Amino acid sequence: MKDTTSPDPALSPERQVRPAMLRGWRRKCPSCGAGPLMRSYLKVRGSCAVCGQELHHHRADDGPAYLTILIVGHLMAPLLLWASVSLQPDPLILAVSFSVGCVALSLFLLPRLKGAIVGLQWAKRMHGFADASLSAPAE
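Residues numbered from 1 in each chain as written. Predicted model: local features only at pLDDT ≥ 70, side-chain atom pairs only at ≥ 80, totals over all residues. Heavy atoms only, no water.

Engineer: How should I be thinking about unusual backbone geometry in this particular structure?
Structural biologist: Among all residues save glycine, negative phi is the norm, and among peptide bonds the norm is trans. Positive phi, close to 45°, is recorded for Gln 88, a residue that is not glycine. By the element assignment, Gln 88 lies in the loop between α2 (63-87) and α3 (91-123). A relative accessible area of 61% places Gln 88 in the exposed class. Despite not being glycine, His 127 shows a phi value in the positive range, around 55°. As for its position among the elements, His 127 is in the segment after α3. (Helix = DSSP H or I, 4+ residues; strand = E, 2+ residues; numbered from the N terminus. Buried < 20%, exposed > 50% of the residue type's maximum accessible area, 1.4 Å probe, protein only.)

This is how it looks when you write it as structure tokens:
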């Protein structure tokens, strides 16, 4: 016998992946796009202040960090090679400038990638986003 207490994801309206991820990238609620997704630098709110969508279901874990390392490494490594061969700056200047660039780019990307992953999980109804009957955990 089929359980009829939880809504069937097949009967629910489809959630668009790209808009949800773009809203998450902007650090907005993946459902409405108006409410703030984060309550601090990387802490996701329990629910949206505008539409009430529960957001505590997300399981971004280490995904944003891995993606940040991947992107920063693939952008900065060729630039470092090009700058050291073409411009031939003093090694200390090269090390300081690329260290600052890597840290700044990482700090910029990390919360945006986390928001995009939360948006993807919401759109794909992963980790409890499909079941509206779950309640927020006590904090």
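Picking up after the structure, the text goes on.
Engineer: How should the side chain of Thr 68 be read in this particular structure?
Structural biologist: Looking at the element boundaries, Thr 68 is found in helix α2. If near-sequence neighbours (up to four positions away) are discounted, Thr 68 is found in contact with Ser 106, Leu 109, Leu 110 and Leu 113. (Contact = heavy atoms within 4.5 Å.)

Engineer: Hey, could you run me through the packing of α2 against α3 in this one?
Structural biologist: Axis angle and axis distance: for two packed helices, these are the angle between their axes and the distance between the axes, and together they describe the pair. One way to put it is that α2 packs onto α3 with a least axis distance of 8 Å and a crossing angle of 150°. In terms of orientation, α2 lies roughly antiparallel with respect to α3. The two elements α2 and α3 cross, and the hand of that crossing is right-handed. (Axes fitted to C-alpha atoms, helices over the stretch in contact; angles between N-to-C directions. Parallel < 35°, antiparallel > 145°, perpendicular 65-115°, else oblique. Left-handed = near helix turned anticlockwise from the far one by under 90°.)

Engineer: What am I meant to see in α3 here?
Structural biologist: The α-helix winds at 3.6 residues per turn, so residues separated by three or four positions along the chain end up facing the same way. Taking 1.5 Å per residue as the helical rise, α3 with its 33 residues ought to reach 48 Å, and the 46 Å between its terminal C-alpha atoms agrees with that figure. Approximately 25° is the largest bend angle found in α3, and it occurs at Leu 109, with the proline Pro 111 only one to four residues beyond. Arg 125 sits one or two positions beyond α3 and adopts a positive phi of about 55°. (Expected span 1.5 Å × (residues − 1). Bend = angle between axes of the 7 residues up to and from the residue.)

Engineer: Explain the nonpolar core here, please?
Structural biologist: As a rule of thumb, soluble globular proteins bury nonpolar side chains together. In terms of nonpolar packing, the biggest core is built from 11 residues, these being Ala 20, Cys 29, Leu 37, Met 38, Val 44, Cys 48, Leu 55, Val 118, Trp 122, Ala 123 and Phe 129. Top contributing element to this core by residue count: α3, with three residues. The contact partners of Cys 48, leaving out residues within four places of it in the chain, are Cys 29, Cys 32, Gly 35, Gln 53 and Leu 55. If you look at the next biggest cluster of nonpolar residues, it comprises seven residues, including Met 76, Ala 83, Leu 94 and Leu 109. (Core = buried A, V, L, I, M, F, W, Y, C linked by side-chain atoms within 4.5 Å.)

Engineer: Any chance you could explain a nonpolar patch on the surface here in plain terms?
Structural biologist: A surface patch of nonpolar side chains, amounting to about 310 Å² of accessible area, comprises Leu 67, Leu 70, Ile 71 and Leu 75. Summarising the element assignment, Leu 70 is placed in helix α2. (Patch = residues over 30% accessible without salt bridge, like charges linked within 9 Å, V, L, I, M, F, W, Y side chains within 5 Å. Areas by Shrake-Rupley, 256 points an atom, 1.4 Å probe, with all protein chains shown as cover. Salt bridge = Lys/Arg side-chain N within 4 Å of Asp/Glu carboxyl O.)

Engineer: Could you clarify how one ought to interpret the packing of helix α1 (residues 17-25) against α3 in this entry?
Structural biologist: Where α1 meets α3, the closest approach of the two axes is 7 Å, and the angle between their N-to-C directions is 150°. With respect to α3, the element α1 is oriented roughly antiparallel. Judged by the twist between their axes, the crossing of α1 over α3 is right-handed. Packed against α1, whose contacting residues are Val 17, Ala 20, Met 21, Gly 24 and Trp 25, the element α3 presents Phe 108, Leu 109, Arg 112, Leu 113, Gly 115, Ala 116, Gly 119, Leu 120, Trp 122 and Ala 123 at the interface. Of the residues contributing to the contact of α1 with α3, the split by class is 11 nonpolar, three polar and one charged. (Nonpolar A, V, L, I, M, F, W, Y, C, P; charged D, E, K, R; others polar.)

Engineer: In this structure, what is going on with α2? I would like to understand it.
Structural biologist: Here α2 spans 35 Å end to end across 25 residues, near enough to the 36 Å set by a 1.5 Å rise per residue. Where α2 is concerned, the buried positions are Pro 64, Thr 68, Val 72, Met 76 and Ala 83. Of the surrounding elements, those touching the buried residues of α2 are α3. Where α2 terminates, the next one or two residues include Gln 88, which has phi positive at roughly 45°.

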